[in-house]
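# Coordinate analysis (summary)
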Number of protein chains: 2
Amino acid sequence: MVTSPEHITLIRCPNITLIPETPKGRGIFATARIPAGTVIDVCPVLVLGVEENREHIEKTSLYHYTYNWPIKTRDGKTEKLQAVIFGLGSMFNHSREQNVAWTRDIDHLIITYRALRDIEVGEELCISYGDHLTFVDADAHTQDKDVAEDGIMTLSNIQV
Amino acid sequence: MVTSPEHITLIRCPNITLIPETPKGRGIFATARIPAGTVIDVCPVLVLGVEENREHIEKTSLYHYTYNWPIKTRDGKTEKLQAVIFGLGSMFNHSREQNVAWTRDIDHLIITYRALRDIEVGEELCISYGDHLTFVDADAHTQDKDVAEDGIMTLSNIQV
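As the structure is a computational prediction, the values presented were derived from the model and not from experiment. (Residues numbered from 1 in each chain as written. Chains lettered and ligands numbered in written order. Predicted model: local features only at pLDDT ≥ 70, side-chain atom pairs only at ≥ 80, totals over all residues. Heavy atoms only, no water.)

We now examine the relation of the copies chain A and chain B. Each of the two chain copies goes to the other by way of a rotation about an axis and a shift along it. The operation relating chain A to chain B is a screw motion whose rotation component is 180°, with 0.0 Å of axial translation and a residual RMSD of 0.0 Å. What we have between these two chains is a two-fold relation. A high fraction, 100%, of the interface residues of chain A reappear at the interface in chain B, so the copies pair face to face through one surface. (Least-squares fit on C-alpha atoms with pLDDT ≥ 70 in both. Contact = heavy atoms within 4.5 Å.)

Right, here's the structure in full:
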């Protein structure tokens, strides 16, 4: 497959299904074992302007689906924008014991999701929403050990 | 794979790639031949409320990525809502000689994209935006024979 920066391979793991009705709403579940490090989904994103996000998107139901999207400004500072994820990244539910991690490709407007550990048949695929929680966290009693302050999980313990 | 209404199989055709820079912006292209009728992508959607769409989404860059999403109201009328497509449906560029068609699953909040004809290696995968064009149509001189007024293409000529 093409993998140069001019071509982005749109991998989706076939071992997943969407269940429309779960206690958390829609959710993504494993239909076969998914080994640690497997790419689950590669999603293009749309980065929102600061003004349009604050004036509009934050006031809609879509805001619950957006991600923090930090960019470096010309003066070297980091500005926290928001992005809409055009893929399953918008469907994964939250867990502090997440089994899916993501990495942003800021230059190519892509976010890639990978299995953080082996995922067994029937397990729900969850991410941690990090500091982007817009609801009461049912898992708040558990330790949030893998999540950096901007919501990116460390991938150092798996093959990526 | 699970295909009952309680489980939605999230098919993505592997024979595609995203090219970040084309004359139309980002685009999806075939990396291998895709036979007519092949499912290209199955995308969950988020249906927007009438008010939040009119007051907010229409005033943002995201509006160019939304789709008409008609629903039947209780009194039997059709109300035209808008939906955000969480998948490649948000990435296909427009052509009046489109090679990809879509069908909405209103009940399950899913939209499925299929090849309308055989698609050869290197061809861009395009849909027709129907009446949701938010820009000047470079293909306006060609005949728009396959597009119904609400933007749904007829699939009667392919195996679906």
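Next, the rest of the story.
Tyr113(A), Leu125(A), Tyr113(B) and Leu125(B) are the most contacted members of the largest nonpolar core, which totals 72 residues. Beyond its immediate chain neighbours, meaning those up to four positions away, Leu125(B) contacts Ile16(B), Ile28(B), Phe29(B), Ala30(B), Ile34(B), Ile40(B), Phe92(B), Asn93(B), Asn99(B), Val100(B) and Ile119(B). (Core = buried A, V, L, I, M, F, W, Y, C linked by side-chain atoms within 4.5 Å. Buried < 20%, exposed > 50% of the residue type's maximum accessible area, 1.4 Å probe, protein only.)

Once that is clear, we can look at the pairing of strand β6 (residues 78–85) of chain B. Residue and element names in this part refer to chain B. Alignment of strand β4 (residues 39–48) against β6, held across four bridges, turns out to be antiparallel. From the neighbouring strand, Val47 faces β6, where its bridge partner is Ala83. Once strand β5 (residues 67–72) ends, the chain turns through five residues before running back antiparallel as β6, passing Gly76 with a positive phi of about 85°. (Pairing = 2+ DSSP bridges. Helix = DSSP H or I, 4+ residues; strand = E, 2+ residues; numbered from the N terminus.)

On to the interface of chain A and chain B. Across the contact, 43 residues belong to chain A and 43 residues belong to chain B. In total, chain A and chain B occlude about 3,300 Å² of area from one another, counting both sides; carbon and sulfur atoms represent 66% of this. Among the residues of chain A in contact with chain B, Leu10(A), Arg12(A) and Phe86(A) are the three that bury the most area, contributing 20% of the side total. For Arg12(B), the salt bridge identified is with Asp41(A), shortest N-O distance 3.7 Å. Broken down by secondary-structure element, the contributors of at least two residues to the side of chain A that touches chain B are β1 (8–9), β2 (16–22), β3 (25–30), β4 (39–48), α1 (50–55) and β6 (78–85) of chain A. In terms of residue count, the dominant contributor to the side of chain A that touches chain B is β4(A) (six residues). Tallied by class, residues from the side of chain A that touches chain B come to 26 nonpolar, ten polar and seven charged. Strand direction decides the pairing type here: β2(A) and strand β1 (residues 8–9) of chain B, joined by two bridges, are antiparallel. Residue pairing across strands places Thr17(A) opposite Thr9(B), the latter belonging to β1(B). (Buried area = accessible area lost by both parts, 1.4 Å probe. Salt bridge = Lys/Arg side-chain N within 4 Å of Asp/Glu carboxyl O. Nonpolar A, V, L, I, M, F, W, Y, C, P; charged D, E, K, R; others polar.)

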